[in-house]
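Structural overview
Letter by letter, the chains look like this.
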Amino acid sequence: MRNHLVRWSVTAGVTLAVVAPLAGSANATVVAPPTARDGRLTQVGPIAEFGFPSWYRDSTGLRLEACTTTDDPLCAVLPDEVPNPDLPVSYPDNFPGEFFYQLADATLTLTDGTKAVIGLNVEGAWANDAVIDGDQMVFGRVRIRFAAAAGRRFRITHPYGIDDLTADDKGVRMTEDVGTTPGAFGQALNSRIGPFLKWDPAVGPAAPAGYTGDPGVDHKVVGSPYGTNFVRIEELDPATGAVLSQVGFTDTFSIQGRYATNAGVDVDQATFTTGPDGNGVVEVYATSEAGQAVEIAANPALGIRGTRLRGQNGHYGRFPVTGPLPTGASVDIVNASDRPVAKKTRKLVDVVQVSKAAYDADAHTLTVAATSSDQDSAPGVLSVTGYGPITGQPFTNVFVPPATVTVTSTSGGAATASLLGSGTGRQAGRHRIDGRDRHVPLGSDLGPGGDPDRRDHRIGLVRGAPAGDVRVHADPDRPGRAADVVPGHGERRRGREADRRGGTGPDDPARPGGDAGRLRVERRRDVQLEAGLRTGRDPRRGHGGEAHLHLPGAGPAGVAGTQRVVRLRQRPGGVRADRDQPERDGHRPGDRAAAGRDVPGRGDGALPDRQQRMADHRHEQPGRRAADHRGAR
């Protein structure tokens, strides 16, 4: 008997929603078939003891289980896929490196004598080609390979769709894998594979009982969701796509697949509840196929006898427990209908319920309240992931809350709840950072590019930004080099006079309102704007204005109240920190010209005007977009 089991390479590459990278072919396109799709894979079965799904179900109701043994010629793995083919398959010591739920391939000879192979499989494998728990993955694969001169273009129609491929120097070599994320077994349902192929019952001989076919015998099949139960290869004009000729056709396939006889069992939840006296209950939730005998196995340590869970597709049981729960207690749930009996072991955990998850946007506090079903003499400790134990007091200084909070217990339970916000909140301000507009929430720390250690960014306002409490990051050792500048609106004054006056200090009575921007030192490097930045307008230069940033600094000996002053000047390109000078008792220096001259040396980091303009221009150049990377196998 011929054996058509072909060992396809497991190297799966990157998972994509529809098509993974296409290896070898210079040009590959999935073409939409002219008829609507009718059917696909629909369900992933319970996880078996070896960490893979027990079975996959398609839209016709057909379930195929994993072919993981070496002793069934109709559903076998290749001998070289297990470490010791002379021993029975066992997990994890003697388990195959790859296996199939469906193994279907068509082999045909083209008109020029070239052999073409098309594989249409649902495959189980390991992410790193080694049997490591947690690396299990199942993917749907479409693979097309045959030799052809570079530049020749072909259209291949097969049971699961149409592919338009152009050969490169290696011929036509296309592989599409969907579902290569370990543990994400449902991704295979999004592949093009499905429904499963099986021998056409209208064509003799009939398939062996319990199998979709005999892999050693080519046979006509049914199951294509497009009604294309064949492989047709046509050569196309490389430029126009017109059909030049049909170069290959077959309607027989080698098919391997075994109908699932076992249903398996999944344990959705196994929990305990205890009171102050240590007595309590154990609750179990499980799922399997309808009509299965799902039971909890006898557990003398918990005083539980073997008992059938009630229900059909869903199964439930509640069992009393007397006395303190043993540390690390677990239960075994079995499907007694399976042969061999399927068993799942699950550690018991407490039930965590979140009763409150609230955020105050004004006070910047996060309040979480939760309870645990573990109420014995040593109850579990509840904590909020990322924030710490729940103490009855809110978490403070939470400026950016999560959308959800997760509460965990030292007794193993966990629960996640959505956050409910309150407070007046704040508007978003538009800021210009290195010549680009960005939206930043008022009240947040503005870091140039998110890097608080970089202090030479040019940060400015965009016209019309709202006022609000916005932090300004500055270097106290070099007050003339403020890193971040705040948005604000202040009052707008027209005419050149307002712009020439040089701006107002926080206490300047020259302008009504005094809202030019009161700044105070909050921490060593943070100052805060309490009001908007006063602006003016110059018809020749557009939007302009300035404010003063007062930072403590060393003054002449014996002079009290000396401060260092940084003038923040708003220009069409944004707001920038101007030069600094000493100021007595908090009063601003005379005028803009004086501020520009009275500088304690250029050693503070200030640049000559021409150099500064060049530096500002350089900072405003947009970054180059990273080049796209495309992998090919």
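In this text, all values refer to a predicted model and were calculated from it rather than measured experimentally.

1. Regarding the overall build of the protein
Scanning the protein from N- to C-terminus turns up three helices and 42 strands. Burial status across the protein gives 48% buried among its 633 residues. Counting only contacts in the protein whose residues sit at least 6 apart along the sequence, the fraction spanning at least 24 positions is 61%.

2. So, the sheet that holds strand β30 (residues 414-418)
Taken in spatial order, the four strands make up an open sheet running β28-β27-β29-β30, and their pairing is antiparallel. With one partner strand each, in any of the chains shown, β28 (388-389) and β30 form the two edges of the open sheet. Here strand β27 (residues 382-384) pairs with β28 via two bridges, running antiparallel. From the neighbouring strand, Ser-383 faces β28, where its bridge partner is Pro-389.

3. Focus on the pairing of strand β22 (residues 330-335)
Pairing of strand β19 (residues 294-296) with β22 involves three bridges; the strand directions are antiparallel. Bridging from a neighbouring strand, Val-294 pairs with Asn-335 of β22. Taken together, the six bridges between β22 and strand β23 (residues 342-347) define a ladder with antiparallel strand orientation. Note that in β23 the partner of Ile-333 across the bridge is Lys-344. From the end of β22 to the start of β23, which pair antiparallel, there are six residues.

4. Observations regarding the sheet that holds strand β26 (residues 365-372)
If you walk across this open sheet you meet the three strands as β26-β25-β31, and the pairing is mixed. A single partner strand is all that each edge strand has here, and the edge strands are β26 and β31 (420-422). Ignoring which end each strand starts from, the neighbouring axes of this sheet average 20 degrees apart. Taken together, the three bridges between strand β25 (residues 352-360) and β31 define a ladder with parallel strand orientation. Across the sheet, the residue bridging to Asp-360 is Ser-422, located in β31.

5. Regarding the packing of aromatic side chains
In this structure the tally under the stated criterion is 16 aromatic pairs. Between Phe-52 and Phe-185, the ring centres sit 6.3 Å apart and the planes meet at 45 degrees, which makes this aromatic pair tilted. Here Phe-185 lies in the loop between β10 (172-178) and β11 (198-199) and Phe-52 lies in the loop between β2 (41-44) and β3 (55-58), a separation of 133 residues in the sequence. In this structure, Phe-52 and Phe-185 share a single accessibility class: buried. Their ring planes at 50 degrees and their centres at 5.0 Å tell us that Tyr-285 and Tyr-316 sit as a pair that is tilted. Here the residue Tyr-285 occupies a position in strand β18 (residues 280-287), and Tyr-316 occupies one in strand β21 (residues 314-321), the gap between them amounting to 31 residues. Members of the aromatic cluster, connected to one another through ring pairs, are Phe-50, Phe-52, Tyr-56, Tyr-91, Phe-95, Phe-99, Tyr-101, Trp-126 and Phe-185. We note Arg-63 situated over the ring of Trp-55; from NZ or CZ to the ring centre the distance is 4.9 Å.

6. Some words on the nonpolar core
Counting 47 residues, the largest nonpolar core has Phe-52, Phe-146 and Ile-233 as the members making the most contacts within it. Residue assignment for this core shows that the elements contributing at least two residues are β5 (98-109), β6 (115-126), β7 (136-146), β8 (153-158), β10, β13 (231-236) and β15 (252-256). Those residues within four positions of Phe-146 in sequence are excluded, and the remaining contacts are Leu-110, Thr-114, Lys-115, Ala-116, Phe-154, Ile-156, Gly-171, Val-172 and Ile-233. Core analysis: the next-biggest nonpolar cluster, separate from the first, contains 19 residues, Val-294, Leu-302, Ile-304 and Leu-309 among them.

7. Regarding the side chain of Asp-200
For Asp-200, the position within the fold is in the loop between β11 and β12 (219-222). Here Asp-200 sits buried without a salt bridge, and the closest side chain of opposite charge, Lys-220, lies 6.7 Å off (N-O distance). There is a polar contact of 2.9 Å between the side chain of Asp-200 and the backbone nitrogen of Ala-202. With sequence-adjacent residues up to four places away left out, Asp-200 is seen in contact with His-219, Lys-220, Val-221 and Val-222.

8. A look at the state of the cysteines
Using the criterion set out here, one finds one disulfide in the structure. Cys-67 shares a disulfide with Cys-75; S-S distance 1.6 Å. Negative torsions about the S-S bond denote left-handed disulfides, and the value of about -100 degrees found for Cys-67 with Cys-75 makes this one left-handed. With a relative accessible area of 0%, Cys-75 lands in the buried category.

9. A few points about the environment of Pro-83
Here Pro-83 lies in the loop between β4 (63-65) and β5. Owing to a relative accessible area of 61%, Pro-83 belongs among the exposed residues under this scheme. Along the backbone, Pro-83 and Gly-97 are 14 residues apart, and their C-alpha atoms lie at a distance of 8.9 Å. When near neighbours in sequence (up to four residues on either side) are disregarded, Pro-83 contacts Asp-93, Asn-94 and Phe-95.

10. Some remarks on the confidence of the model for the protein
For the protein, the mean per-residue pLDDT works out to 74, and 63% of the residues sit at or above 70. Scored below 50 in pLDDT, residues 1-24 makes 85 contacts in the model with residues more than four places away or belonging to other chains.

11. Considerations on the pattern of salt bridges
Applying the stated criterion to the full structure yields 17 salt bridges. Of the charged contacts, one joins Asp-266 and Lys-344 as a salt bridge, the two residues approaching to 2.9 Å between their closest N and O atoms. Residue Asp-266 is found in strand β17 (residues 266-274), and its partner Lys-344 is found in strand β23; the two are separated by 78 residues along the sequence. A residue is classified by how much of its surface remains accessible, and Lys-344, at 16% relative accessible area, is buried. Sharing partners across several salt bridges, the network here consists of Arg-57, Arg-63 and Glu-289.

12. Here's the deal with the environment of Gly-275
For Gly-275, the position within the fold is in the loop between β17 and β18. Given a relative accessible area of 15%, Gly-275 falls into the buried group. The spacing of Gly-275 and Asp-376 is 101 residues in sequence and 5.0 Å in space, taken between C-alpha atoms. The contact partners of Gly-275, leaving out residues within four places of it in the chain, are Gln-375 and Asp-376.

13. Section: unusual backbone geometry
A cis amide bond, omega 5 degrees, links Tyr-91 with the succeeding residue Pro-92. Examined against the element boundaries, Pro-92 turns out to sit in the loop between β4 and β5. Cis geometry marks the peptide bond from Gly-204 to Pro-205, where omega comes out at -5 degrees. By secondary structure assignment, the location of Pro-205 is in the loop between β11 and β12. Despite not being glycine, Asp-129 shows a phi value in the positive range, around 60 degrees. As for its position among the elements, Asp-129 is in the loop between β6 and β7. In this structure Asp-129 comes out as exposed when scored by relative accessible area, which is 61%. Even without being a glycine, His-364 presents a positive backbone phi close to 60 degrees. Structurally, His-364 is set in the loop between β25 and β26.

Calculation criteria
Residues numbered from 1 in each chain as written. Predicted model: local features only at pLDDT ≥ 70, side-chain atom pairs only at ≥ 80, totals over all residues. Heavy atoms only, no water. Helix = DSSP H or I, 4+ residues; strand = E, 2+ residues; numbered from the N terminus. Buried < 20%, exposed > 50% of the residue type's maximum accessible area, 1.4 Å probe, protein only. Contact = heavy atoms within 4.5 Å. Pairing = 2+ DSSP bridges. Axes fitted to C-alpha atoms, helices over the stretch in contact; angles between N-to-C directions. Phe/Tyr/Trp six-rings, centres within 6.5 Å; stacked < 30°, edge-to-face > 60°. Lys NZ or Arg CZ within 6 Å of the ring centre and 35° of its normal. Core = buried A, V, L, I, M, F, W, Y, C linked by side-chain atoms within 4.5 Å. Lys, Arg positive; Asp, Glu negative; His and termini not counted. Salt bridge = Lys/Arg side-chain N within 4 Å of Asp/Glu carboxyl O. Polar contact = N/O pair within 3.5 Å; in protein donor to acceptor, adjacent residues only side chain to side chain. Disulfide = S-S within 2.5 Å. pLDDT = per-residue confidence, 0-100.

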